[in-house]
Amino acid sequence: TLLKVLEEPPAYAYFILVSSRPHDVLLTIASRCERIEFRALPDAILTELLGKRTLDAADRVLLAAVAGGRPGLALHLADSGRLADVAEQIGVLERALKGGLTERLLAARDVAAREDAPDVADWWLSWVHSRLPEHPRLAPVAGGLLELRDALHNSSVNRRLAVERFFLGIAGQK
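Every value quoted in this text rests on a predicted model; they were computed, and no experiment measured them. Every chain is numbered on its own, with residues counted from 1 as its sequence reads. Two thresholds apply to this predicted model, a pLDDT of at least 70 for residue-level local features and 80 or more for giving and counting side-chain atom pairs, whereas whole-chain, interface and lining totals are computed over all residues. Only hydrogens and water are set aside when side-chain values are computed; all heavy atoms of the structure are taken into account.

A. Region of interest: the overall build of the protein chain. Per the convention used, a helix needs a DSSP run of H or I reaching at least four residues, while a strand needs a run of E reaching at least two, with both numbered from the N terminus. Counting its secondary structure elements, the protein chain contains 10 helices and 0 strands. The helix and strand sequence of the protein chain, counted from the amino end, reads α-α-α-α-α-α-α-α-α-α. The principal-axis extents of the C-alpha atoms in the protein chain amount to approximately 60 × 40 × 30 Å. Across the 174 residues of the protein chain, 33% fall into the buried class. Contacts are residue-level and defined by heavy atoms, with any inter-residue pair within 4.5 Å sufficient. Partitioning the intrachain contacts of the protein chain with sequence separation of at least 6 by distance along the chain shows that 59% fall at a separation of at least 24. Here the protein chain contributes 22 positive and 23 negative side-chain charges, whose respective centroids are spaced 3 Å apart. Each residue's exposure class comes from its accessible area (1.4 Å probe, protein chains only) as a fraction of the maximum for that residue type: buried when under 20%, exposed when over 50%, partly exposed otherwise. Note on charges: Lys and Arg go in the positive column, Asp and Glu in the negative column, and His and the chain ends are not counted at all. The location of each charge is read from NZ of Lys, CZ of Arg, CG of Asp or CD of Glu.

Written out as structure tokens, the structure is:
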């Protein structure tokens, strides 16, 4: 019935289908859609938007970096009380990048055990991506995080092995 409605919508109706993975949308549906790209907000604009919340400057900068230009995510993280958890997980990544094998494997164990491990990988990826212009040496870390994020969103993947593979694959990155 969705295809029929998309083929012959009522004159008053507009449908907006949103997907972070447009390549996964069925071709029969995608062929009936007009693609509109929504660009991420620059960190400076997102930080300014977050200025309307009672957050200190460092928290606004962190949220802007972790949200990756998505104001809805930034506001959700700020309003849901997860800001401290986000900051803690960014610290886990920083320590693992600076630490040795033991620190990386312990971080992998802890992150893999989290129910929200895919969210943590998303936070890490956005944070690293926001730092790339000033720290281009983080490019291999961003590449590894792309693979990790995809792996953690796949329910058939062993989370701990995926996170360990990420940390072992970026050994020596600081």
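B. Inspection of helix α5 (residues 71-79) at higher detail. Those residues of α5 not exposed but buried are Ala74, Leu77 and Ala78. All buried residues of α5 fall inside an arc of 100 degrees around its axis, so they share one side. Facing away from the buried side of α5 by over 90 degrees, the exposed positions are Gly72 and Asp79. Looking at the packing, one finds that the buried side of α5 touches α3 (43-50), α4 (57-67), α6 (83-98) and α8 (117-131). Two residues or fewer after α5 comes glycine 81, characterised by a positive phi angle close to 80 degrees. Taken from the helix axis, the directions to the C-beta atoms give the arc we talk about.

C. Quick peek at the packing of helix α9 (residues 139-152) against helix α10 (residues 159-169). Working convention: axes come from line fits to C-alpha atoms, limited for helices to the stretch in contact. Angles between N-to-C directions cover 0 to 180 degrees. The interhelical angle for the contact between α9 and α10, taken along N-to-C directions, is 175 degrees, at an axis separation of 9 Å. Relative to α10, the element α9 lies roughly antiparallel. The residues of α10 that touch α9, namely those facing Val141, Gly144, Leu145, Glu147, Leu148, Ala151 and Leu152, are Arg159, Ala162, Val163, Arg165 and Phe166. In this scheme, roughly parallel covers angles under 35 degrees and roughly antiparallel covers those over 145, while 65 to 115 is roughly perpendicular and the rest are oblique.

D. Spotlight on the nonpolar core. Counting 43 residues, the largest nonpolar core has Trp124, Leu148, Phe166 and Phe167 as the members making the most contacts within it. Within the residue set of this core, elements represented by two or more residues are α3, α4, α5, α6, α7 (101-112), α8, α9 and α10. Not counting the four nearest positions on each side in its chain, leucine 148 is found in contact with Ala121, Trp124, Ala162, Val163 and Phe166. The criterion is simple. A nonpolar core is a set of buried Ala, Val, Leu, Ile, Met, Phe, Trp, Tyr and Cys residues joined through side-chain atoms within 4.5 Å.

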